Amino acid sequence: MEAERLIATGRHALAESRVALDIVAEAWQAQALAQAIGSHLALCGPMELRTEARGLSETVGGRGGVDHPVLRTGGLRAAQLTGVGDARTALTALGALLGEVGIALVGVACATDEEGLYWQCIEAIDAADEAGDRVRAMLRRLAVRDRDRPPDPARGRAGPASR
């Protein structure tokens, strides 16, 4: 499944989550998806993104990450990733998902009296923040690449971004 569809599925699942543990599970799903997209872009993405994409593929929130027990019950959505159609579109959507995850986790952390859940949320917030930083860095690199491209005479502007 294309990255954009998986991200949309994750955003929908996060929006539908009503219980704290479901929100935490969706946060780790988003982190696993960010790692999978990073891995894909590190291998197949634009050359300008490969180093930062490798870093994204290695982001893990503390002792959680892809081995988080909540993920083992439902399986990783990220395992369905088949490709990244347009890097800019996928990274923009992934950045939005990670931002939404962070906001949802802050809500859970503020509402819980359970110390373990609180610290799970803090770890997941840190992971989402780190992944979001990497995504924004990749988007900046794409913007620089496009700005520095020679104009496409047929379009009168910089040519389309290549993968």
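Preceding block: the structure.
Residues numbered from 1 in each chain as written. Predicted model: local features only at pLDDT ≥ 70, side-chain atom pairs only at ≥ 80, totals over all residues. Heavy atoms only, no water.

> Can you tell me about the overall build of the chain, naming the residues and giving the values?
In terms of regular secondary structure, the chain is built from six helices and two strands. Its helices and strands in sequence order give the chain the pattern α-α-α-α-α-α-β-β, from N to C terminus. The buried share among the 163 residues of the chain stands at 45%. On the chain, roughly 8500 Å² of surface is accessible, and the fraction owed to carbon and sulfur atoms is 54%. (Helix = DSSP H or I, 4+ residues; strand = E, 2+ residues; numbered from the N terminus. Buried < 20%, exposed > 50% of the residue type's maximum accessible area, 1.4 Å probe, protein only. Areas by Shrake-Rupley, 256 points an atom, 1.4 Å probe, with all protein chains shown as cover.)

> Please set out the packing of helix 1 (residues 3-16) against helix 2 (residues 20-44) residue by residue, giving values where relevant.
How two helices pack is summed up by the angle between their axes together with the distance between the axes. Between helix 1 and helix 2, whose axes approach to 10 Å, the crossing angle comes to 165 degrees. Accordingly, the angle class assigned to the pair helix 1 and helix 2 is roughly antiparallel. Seen along the crossing, helix 1 lies across helix 2 with a hand that is left-handed. Taking contact as the criterion, the partners of Ala3, Leu6, Ile7, Gly10, Ala13 and Leu14 in helix 1 are, on helix 2, Ile23, Glu26, Leu33 and Ile37. Grouping the constituent residues of the contact of helix 1 with helix 2 by class yields eight nonpolar, one polar and one charged. (Axes fitted to C-alpha atoms, helices over the stretch in contact; angles between N-to-C directions. Parallel < 35°, antiparallel > 145°, perpendicular 65-115°, else oblique. Left-handed = near helix turned anticlockwise from the far one by under 90°. Contact = heavy atoms within 4.5 Å. Nonpolar A, V, L, I, M, F, W, Y, C, P; charged D, E, K, R; others polar.)

> For the packing of aromatic side chains, give the residues involved together with the corresponding values.
Per the counting criterion, the structure on display carries one aromatic pair. For the ring pair Tyr118 and Trp119, a centre distance of 5.0 Å and an interplane angle of 85 degrees mean the geometry is edge-to-face. Tyr118 sits in the partly exposed class, given a relative accessible area of 31%. With a relative accessible area of 42%, Trp119 lands in the partly exposed category. (Phe/Tyr/Trp six-rings, centres within 6.5 Å; stacked < 30°, edge-to-face > 60°.)

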